[in-house]
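Here is how the chains run, residue by residue.
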Amino acid sequence: MHKIVILLLVVCMFVAGCASAPVYKEVFKERPTYNQKEFSEPKETLYQAVIKAIYSKGFIVEEEDIERGFILAKRSFQKGKRTIVLLLQARVIPEADNKSTLYLNALQTTERFFVADRTRFFFWLIPLPGGGGKEATKIKEGEKVIKDKEFYQDFFKVIEEEIEITE
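So, how was this worked out
- Residue positions are given per chain, counting from 1 as you read along its sequence in written order.
- At least 70 in pLDDT is required for a residue's local features to be given in this predicted model, at least 80 for side-chain atom pairs to be given and counted, and no such filter applies to totals for whole chains, interfaces and linings, which use all residues.
- Think of the side-chain values as coming from all heavy atoms in the structure, minus any hydrogens and water.
- Here a salt bridge means any side-chain nitrogen of Lys or Arg lying within 4 Å of a carboxyl oxygen belonging to Asp or Glu.
- Secondary structure elements follow DSSP: runs of H or I no shorter than four residues count as helices, runs of E no shorter than two count as strands, and numbering proceeds from the N terminus.
- The cut-offs for exposure are 20% and 50% of the maximum accessible area for each residue type, with area from a 1.4 Å probe on protein chains only; residues under the lower value are buried, those over the upper are exposed, and the others partly exposed.

Enquirer: Report on the pattern of salt bridges, specifying residues and quantitative values.
Expert: According to the stated counting rule, one finds five salt bridges in the structure shown. We note a salt bridge from Glu160 to Lys37, for which the minimum N-O separation is 2.2 Å. Taken together, the residues span a long stretch of sequence, with Glu160 in helix α3 (residues 149-166) and Lys37 in strand β1 (residues 36-39) at a distance of 123 residues. Judged by its relative accessible area of 28%, Glu160 is partly exposed. On the accessibility criterion, Lys37 (27% relative accessible area) is partly exposed. As a salt-bridge pair, Arg68 and Asp65 come within 3.5 Å of each other at their nearest N and O atoms. Here Arg68 falls in the partly exposed class, since its relative accessible area comes to 40%.

Structure (structure tokens):
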């Protein structure tokens, strides 16, 4: 009986050890995210269309560098006590005279507000002075990279529409 228990423990430890593979090895095992598209436009035209598309979708540009073709934009959504922040990173890379490739990456972060009431009460009815009060805390609940093909395709459509308006 003891041999069976020991054998089961050894097998469980072996399985647990195999399950904890390094995370960095997952990078090359992932499916494509469809977050890049080649445009038949020069870098400057594509860059301006991306900026217009980002603003048209309610994002706030936090950082941009036209020389590097880099844009970092953010948009927040309030859902009750949760705040969902969408961070969009765009990079325009010129390929030829009239061709450029756009890379988009989006990161979704979910934060939640908790309010702790530290007010002291006398007989649970009368608030006592000195100390206590309410204390708000913001906690990050989760963070994930957006890998939705439809999200990127829709963004590319908006960018193409902005290019057509510009021409």
